[in-house]
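Residue strings, one per chain:
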Amino acid sequence: MTLTRRLFLLVGVVATVAGLAVVAGVSLGLELTDVFLGLVGALAALQGLRYVQRRRDTTQNATVTGDPEARISVPMPGSDFDDDLVSAAGRRTRWAARERVVDRLEARAKGALVARGGRAPEEAAALLETGGWTDDPVAARFLGASVSIPLRQRVRLFLSGQSSLADRAERTVAAIERVGTADDPAGERR
């Protein structure tokens, strides 16, 4: 059978069924609009079934997605400083780690004196050498100033149970945080 012949056959069958439906609907007391809407609904259902049947024969196309992004672990800010503090307690790397801790805190103190204290870089370096940048003698001495630490503070440092390096570094960080604030005794320009 050719395609045009099949098409004519299909139109004929649909017209016959539609005619019978109209006659049956009128004889049963249905209005013509109800019969027409029923026919349109039936044709829509047949068309839907035809598309479903055609879709069954096609191959399925699936989208392949890439792998999701992998999380990259990054170190916590300041963890290298903490590692230096811990390794400064060990015998093998003690001096190199201590030097890195002191250099880092000295750079931060100089930066704080310049940025928040309103000092020139040369003036900040001179204050660090003399210890005049803070009123904490432990912090000043830790960064290289030749100031004496009172005996009472030495005993307290000894009895604290903390590593002396960790305690001095903690006090130095606290002193750096106070630079340029109302709590800073060296806040006024000299």
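We now turn to the structure provided with this report. The structure presented is a predicted model; accordingly, all values stated were derived computationally and were not measured. All residue numbers refer to positions counted from 1 along the written sequence of the respective chain. Where totals are concerned, whole chains, interfaces and linings use all residues; where local detail is concerned, this predicted model gives features only for residues with pLDDT of at least 70, and gives and counts side-chain atom pairs only at 80 or more. Each side-chain value is worked out from all heavy atoms of the structure, with water and hydrogens disregarded.

## Re the environment of Gly180
In this fold, Gly180 is placed in the segment after helix 8 (164-178). Here Gly180 is in contact with Arg116 and Gly117, once residues within four sequence places are set aside. Helix numbering and strand numbering both begin at the N terminus, where a helix is a DSSP run of H or I of at least 4 residues and a strand a DSSP run of E of at least 2. Should any heavy atoms of two residues lie within 4.5 Å, those residues are counted as being in contact.

## Digging into the packing of helix 4 (residues 94-115) against helix 5 (residues 121-130)
To describe two helices that pack against each other, one gives the angle between their axes and the distance between the axes. Only C-alpha atoms enter the line fits that serve as axes; for helices the fit covers just the stretch in contact. Angles between N-to-C directions range over 0 to 180 degrees. Interaxial distance between helix 4 and helix 5 falls to 9 Å at its minimum, and their mutual angle equals 130 degrees. When the interaxial angle is binned, helix 4 and helix 5 end up oblique. Crossing angle aside, the handedness with which helix 4 passes helix 5 is right-handed. Contacts from Glu106, Ala109, Lys110, Leu113 and Val114 of helix 4 reach helix 5 at Pro121, Ala124, Ala125, Leu127 and Leu128. Across the contact of helix 4 with helix 5, the residue classes tally to eight nonpolar, no polar and two charged. Any angle that is under 35 degrees is reported as roughly parallel, and any over 145 degrees as roughly antiparallel; angles of 65 to 115 degrees are reported as roughly perpendicular and all others as oblique. Each helix crossing is assigned a hand: it is left-handed if the near helix lies turned anticlockwise from the far helix by less than a right angle, otherwise right-handed if that turn is clockwise. We call Asp, Glu, Lys and Arg charged. Ala, Val, Leu, Ile, Met, Phe, Trp, Tyr, Cys and Pro are nonpolar, and the rest, Gly among them, are polar.

## Description of helix 8
To estimate how far a helix should reach, multiply one less than its number of residues by 1.5 Å. Its 15 residues place the ends of helix 8 21 Å apart at the C-alpha level, agreeing with the 21 Å of an ideal helix rising 1.5 Å per residue. Listing the buried residues of helix 8 in full gives Leu165, Asp167, Ala169, Arg171, Thr172, Ala175 and Ile176. Along its buried surface, helix 8 packs onto helix 3 (79-87), helix 4, helix 6 (137-142) and helix 7 (151-159). Positive backbone phi, at 80 degrees, marks Gly180, one or two positions downstream of helix 8. Partly exposed residues are those whose accessible area sits between 20% and 50% of the maximum for their type, while under 20% is buried and over 50% is exposed, using a 1.4 Å probe and protein chains only.

## Here's the deal with the layout of surface pockets
A 1.4 Å probe that fits into a set of points on a 1 Å grid over the protein atoms alone but cannot get out defines a cavity; an open set with protein on both sides within 12 Å along at least five of seven lines defines a pocket, and lining residues are those with an atom within 4 Å of a point. Grid points are joined across faces, edges and corners, and a volume is the space filled by probe spheres set on the points. For the largest pocket, the calculated volume is near 320 Å³. If you go around the largest pocket, the residues you meet are Leu10, Val13, Val14, Val17, Ala18, Leu39, Ala42, Leu43, Leu46, Gln47 and Arg50. Counting only elements with at least two residues in the lining of the largest pocket, the list comes to helix 1 (3-27) and helix 2 (32-56). Ranked by residues supplied to the lining of the largest pocket, first place goes to helix 2 with six residues. Looking at side-chain class alone, the lining of the largest pocket contains nine nonpolar, one polar and one charged residues. In this model, the second largest pocket occupies a volume close to 200 Å³. In terms of lining, the second largest pocket is formed by 10 residues, of which the most central are Ile149, Arg154, Leu157, Ser164 and Arg168. Going through the elements one at a time, helix 6, helix 7 and helix 8 are the ones with two or more residues in the lining of the second largest pocket. Looking at the lining of the second largest pocket residue by residue, the class counts come to five nonpolar, two polar and three charged.

Keep in mind that these numbers describe shape and distance, not what the molecule does.
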